[in-house]
Structure formats: C-alpha cells, structure tokens
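A closer look at the structure
As a plain string of letters, each chain reads:
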Amino acid sequence: MVFDLDYLPPDILHRELQIADLAACLRPVLRDVAPGHVLCIGPPSTGKTTVVRYVLEKLEEHGVATAYLRCPVLRTSYNVFAKIFEMLSGKVPPQKGVPLFKLLDEIAELLEDEVLVVALDDINFLPDSVLNEVLMALVKSAEFKVGVIAIATSKGFVARLDAYLGSIVHFHEIVFPLYTRKEVEEILRWRVEHGFYPGVMTKEAFEAIVDLVVRNGDIRYGLYLLRRAGLIAERRGSRRIEIEDVERAREGEEVVALAKSIAALNSDEREALKIIYSLDEENITTGDIYAIMRAEVGLYYERFYEIIGKLERLRFIDLVFGRRGRGRTRYVVRRYEPKIILEAIRNYG
Ligand SMILES: Nc1ncnc2c1ncn2[C@@H]1O[C@H](COP(=O)(O)OP(=O)(O)OP(=O)(O)O)[C@@H](O)[C@H]1O
Ligand SMILES: [Mg+2]
C-alpha cells in the first residue's frame, strides 16, 4: 500500500543527484573492482533508505552481490555477518558459537571473488565495539572485496571509530537535504494519485497536510496523515477527504503524543489540568483555579503552586503576568485545544 512507510516508490522524486552520485561511486563493481565507501547523510525522512534500497535493487539486477542491513536490530558483530551470510546464501547462518573468522571464510567462499556491496543503515546505532569490529572486518578484509554504504543522520559515528580505522577508511559523502515545500508537495501528490480515487482528496485537505509537513519537516508524518485522514473520512461515510478529516487525524496523533506527559502526572496534577482545560472562560487566573481546586480537592496553596509549576514545565500551560483589578495576577494560557487534552486525560483514566 502506497502509504506504508516501507513501501518502495517506483519513482523517487527529487533525488536524481544522490542516485547518480551513488551509482557513479558503485560503478566499478560492474567490473568486479572494489568501489570506494560511501556515507549517505541527512536528516530523518530525506530518502536515504529509499535511495540506497533502490540502487541496491538495480545492482542486484546486474548480478551484483548486495546486503542491506538495518543496524538498530543488530547487537553483535556476529549478528551482522550472520545476516550477510543469510542474505547471500538464503540459508540460515551456521550455528552460534562459530568464531567470527569462520563465518567470514564462509562469506568469502560464497562470494567467489565477486565484490560485495553492504549497506549499513542507521549505522550510528551500532555499539562502539561492534561498529569498529564490523568496519574493520569489512574494509580490511583480505578475503573479499567490499564497498560499504553507511547511512546516518549525523557524523557522530565517525568520531567513535578507533584512530587506526578512522585513518584508513574514507567515506565519499552524499548529502540528503530537507525537502522544500514544493518537493514535499510533489512527493505527497504522487501518493495521493496512486492511493486514492481521483477527486477523493480535496485541495484544502491536501494543502493542510503539506503545511503540517513543512512545519514538522517529516515526510513520514505526511504519509501518516494521508492514511489517517483517509480512514477518518471513510469512517464517517464521506467520499471526500476534507480539512476536518486532516484536523482529526492530527488530533489523534497529538493525543497519543500527550499520553506520555499525562502519565507523568499524579492524580491532583491531572485534576488541575482537567480543570484548566474544562473552564469556558478565556482569561483564567491561577487564583480562579486555586479556588476550584481548594473546594474540590482541599489543597494547600504551596502544593497548588507546585502543581501549576509542573504543568508549566511539562509545557501543558504557559503562565503570564498581567493586571486585573489592583494587584498583579498570573494568567494561565492553554497550549492545546481543550478537546485534545481532555481526550488524552480520558484515555489515560
Ligand atoms: N524522494 C522521495 N520520493 C518518494 N518518497 C519518498 C522520498 N523521500 C522519502 N520518501 C518516503 O518518505 C519516507 C521516509 O523516507 P526514508 O525512509 O528513505 O528516509 P530516511 O532518510 O532513510 O530517514 P531516516 O534517517 O529516518 O531513516 C519513506 O516512506 C519514503 O518512501
Ligand atoms: Mg532510513
């Protein structure tokens, strides 16, 4: 389904330069010559994984041996090479407890002097020792020829390389910048055209999603909103996705995100939050809330101020000074739509 996060789009838009650069770096592989190593670097959701998987697929079509590895799930060097073995042979890797060099021998045998292209996605998730051991085995291998494609959101992992390794391994950097508004729009429009019937997505709803993505910087969020808004429209029996559906899709997401902060509150704090978000008036002062809390929960003033302070620290409210009557007064400004907070509290209890 075109809104799934691991869906590989057949048309990767606005990454022509990165694809061409990566293909150029890897070209020697077609002559069985080891290529240089590459680092694909850029913020989340900028198409790094998508581009690398696309290029690996093309290489495979040319008969090149490739292995794509998601580093966050690989906790040991053995895991890494067992996975490579599995990808090359299609067989379950040899039993645990086989020394690493044996596994490397087996991989070398499978390759028969062909070049192996290994993509290490989210490489910065590898623990220090694994990172060094794996890269050392790959780049210094006397047994097989390897091109490494490292993928990361920052260069933090380079600083974690041992001095020796750091001095011998050089990565050609391919930068993945954030998408511009126009690019976001075109990438999401492709999904709309392939995922919904014509006319289902209204212009207003689509623009609202693009706005949200541009503000939040994440295409994945856009794919989530497209899918959610589609479901919400369907559920209310509408054949068109309207701006309200986008609003509701987005609320759902905020409610989920808020659950964590709400869980950090005790019952008095949750009660105070509920009161603040249930009041109809616009200009709520801390005094108004204290009066209600004292009547309902019987709180001391000091404790009340602790609660208000905590709600401010957790970014549920802002406190601003103002004047009302003669004295200085503190106003409580709500940072969320009341119905979002009230629903999140209801979900919690
Ligand atoms: N240029 C593009 N064309 C079409 N879809 C794209 C493009 N760039 C990203 N996407 C889509 O956005 C989502 C995120 O892209 P991808 O997983 O490639 O990002 P990433 O750079 O690897 O992010 P992270 O650093 O978080 O792993 C994917 O669902 C992908 O299909
Ligand atoms: Mg990725």
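All values reported here derive from a predicted model rather than from experimental measurement. (Residues numbered from 1 in each chain as written. Chains lettered and ligands numbered in written order. Predicted model: local features only at pLDDT ≥ 70, side-chain atom pairs only at ≥ 80, totals over all residues. Heavy atoms only, no water.)

What about the site of ligand 1?
The condition is simple: We call a residue near a molecule or strand as soon as one heavy atom of that residue lies within 4 Å of the molecule or strand. We call two N or O atoms a polar contact when they sit within 3.5 Å, provided that within protein one can donate a hydrogen and the other can accept it, with sequence-adjacent residues counted only if both atoms are side-chain atoms. We get accessible surface area from the Shrake-Rupley algorithm with a probe of 1.4 Å; when it comes to residues, only the shown protein chains can shield them. A cavity here means a set of points on a 1 Å grid, drawn over the protein atoms and nothing else, where a 1.4 Å probe fits but cannot get out; a pocket is an open set with protein on both sides within 12 Å along at least five of seven lines, and a residue lines either one if it has an atom within 4 Å of a point. What decides whether a molecule sits in a cavity or pocket is whether more than half of its atoms lie within 2 Å of the grid points. The secondary structure listing takes helices from DSSP runs of H or I that are at least 4 residues long and strands from runs of E that are at least 2 residues long, numbered from the N terminus.
Leu13, Lys48, Thr49, Thr50 and Tyr179 are the nearest of the 20 residues found near ligand 1. Taking Gly47, its main chain carries an N or O atom lying 3.1 Å from an oxygen atom of ligand 1. The side chain of Arg191 places a nitrogen or oxygen atom 2.9 Å from an oxygen atom of ligand 1. Notes on ligand 1: free accessible area 630 Å², of which the protein chains cover 94%. Judged by the proximity of its atoms to the pocket grid, ligand 1 belongs to the largest pocket. Listed by contribution, the elements that provide at least two residues to the shell around ligand 1 are α2 (48–61), α8 (181–195) and α10 (219–235).

Here we look at the layout of surface pockets
This is how the line gets drawn: Grid points are joined across faces, edges and corners, and a volume is the space filled by probe spheres set on the points. For this classification, the nonpolar set comprises Ala, Val, Leu, Ile, Met, Phe, Trp, Tyr, Cys and Pro, the charged set comprises Asp, Glu, Lys and Arg, and every other residue, Gly included, is treated as polar. Where a domain begins and ends is set by an automatic assignment or by a domain database.
Space inside the largest pocket adds up to approximately 670 Å³. As for the largest pocket, its lining consists of 30 residues, and the residues nearest its centre are Leu5, Gly47, Thr49, Thr50 and Arg220. Looking at the lining of the largest pocket, the element that brings in the most residues is α2, giving four residues. Its residues assigned to classes, the lining of the largest pocket shows 14 nonpolar, seven polar and nine charged. Looking at which domains feed residues into the lining of the largest pocket, each of domain 1 (16–175) and domain 2 (181–260) supplies at least three. Space inside the second largest pocket adds up to approximately 230 Å³. Lining the second largest pocket are 15 residues, with Phe196, Val200, Gly230, Glu234 and Ile241 positioned closest to its centre. Top contributing element to the lining of the second largest pocket by residue count: α10, with five residues. Looking at side-chain class alone, the lining of the second largest pocket contains eight nonpolar, three polar and four charged residues.

A few points about the environment of Asp318
Spelled out, the test is: Categorising residues by exposure relies on relative accessible area from a 1.4 Å probe, with only protein chains included: less than 20% of the type maximum marks a residue as buried, more than 50% marks it as exposed, and the intermediate range marks it as partly exposed. Any two residues whose heavy atoms approach within 4.5 Å are treated as being in contact.
As for its placement among the helices and strands, Asp318 is situated in strand β7 (residues 317–324). Asp318 sits in the partly exposed class, given a relative accessible area of 25%. Residues Asp318 and Arg334, 16 residues apart in the sequence, show an inter-C-alpha distance of 6.5 Å. Apart from the residues lying within four places of it in its own chain, the contact partners of Asp318 are Glu312, Tyr331, Val332, Val333 and Arg335. Of note is the side chain of Asp318, whose polar atom sits 3.2 Å from the side chain of Arg335.

A short note on helix α13 (residues 286–297)
The test is simple: Here, expected helix span is obtained from the residue count minus one, scaled by 1.5 Å. What the arc measures is the spread of directions leading from the helix axis to the C-beta atoms.
Its twelve residues give α13 an end-to-end C-alpha distance of 16 Å, which sits within 8% of 16 Å, the value for a rise of 1.5 Å per residue. Burial in α13 covers these residues: Thr286, Ile289, Tyr290 and Met293. For α13, the angular spread of the buried residues around the axis is 100°, confining them to a single face. In the stretch just after α13, Gly298 is the one whose phi turns positive, near 65°.

Brief notes about the packing of helix α12 (residues 267–278) against helix α14 (residues 301–313)
Using the following cut-off: Every axis corresponds to a line fitted to the C-alpha atoms, with the helix fit spanning only the stretch in contact, and the corresponding angles, defined between N-to-C directions, vary from 0 to 180 degrees. When an angle is under 35 degrees it counts as roughly parallel; over 145 it counts as roughly antiparallel; between 65 and 115 it counts as roughly perpendicular; any other value is oblique.
Their axes nearest at 10 Å, the elements α12 and α14 cross at an angle of 70°. Between α12 and α14, the crossing angle belongs to the class labelled roughly perpendicular. Each of Asp268, Glu269, Ala272, Leu273 and Ile276 in α12 lies in contact with α14, whose residues at this interface are Arg303, Ile307, Ile308, Lys310 and Leu311.

A short note on the sheet that holds strand β5 (residues 171–175)
The criterion, for reference: DSSP-based pairing: two strands are paired if at least 2 bridges between them are found.
Read across the open sheet, the five strands follow the order β2-β3-β4-β1-β5; overall the sheet is parallel. Taken across any chain shown, the strands that pair with only one partner, and hence form the sheet edges, are β2 (65–70) and β5. Ignoring strand direction, the axes of neighbouring strands in this sheet form an average angle of 20°. Pairing geometry for strand β3 (residues 115–121) and strand β4 (residues 145–152), over six bridges, is parallel.

A word on the domain arrangement of the chain
Each assigned domain of the chain is listed with its residue range as follows: domain 1 (16–175), domain 2 (181–260) and domain 3 (264–348). One C-alpha centre belongs to domain 1, the other to domain 3; they are set 53 Å apart.

Comments concerning the pairing of β4
Within a regular beta strand, the side chains point alternately toward one face of the sheet and then the other, so they alternate between its two faces. For the record, the criterion: Whether a crossover is right-handed comes down to one check: with the strands pointing away from the viewer, does the path from the first strand over the helix to the second run clockwise; if it does, it is right-handed.
A large share of β4 lies buried, amounting to seven of its eight residues. Relative to β4, strand β1 (residues 37–41) runs parallel, the two being bridged by four bridges. Opposite Leu39, over in β4, you have Ala150 as the bridge partner. You can see the chain leave β3, run along helix α5 (residues 128–139) and come back into β4, and the turn it takes is right-handed.

With respect to the side chain of Glu183
Rule in force here: Working convention for charge: Lys and Arg count positive, Asp and Glu count negative, and His plus the chain ends are omitted. We define a salt bridge as a side-chain nitrogen of Lys or Arg found within 4 Å of a carboxyl oxygen belonging to Asp or Glu.
On the secondary structure map, Glu183 appears in helix α8. It turns out Glu183 is buried and unbridged, and the closest side chain with the opposite charge, Arg15, is 5.2 Å from it. Glu183 has contacts with His14 and Leu178, leaving out every residue within four places of it along the chain.

Details of the nonpolar core
To be explicit about the condition: As used here, the term nonpolar core means buried Ala, Val, Leu, Ile, Met, Phe, Trp, Tyr and Cys residues forming a set that is joined through side-chain atoms within 4.5 Å.
Counting 41 residues, the largest nonpolar core has Phe81, Ile84, Leu120, Ile123, Leu135 and Leu138 as the members making the most contacts within it. Among the elements of the structure, β1, β2, α3 (77–89), α4 (100–111), β3, α5 and β4 are those that each provide at least two residues to this core. Excluding its chain neighbours within four sequence positions, the residues that come into contact with Leu135 are Leu120, Ile123, Lys140, Val148, Leu161, Leu165 and Phe171. Of all hydrophobic cores here, the second largest spans 29 residues; its members include Phe3, Val184, Phe196 and Tyr221.

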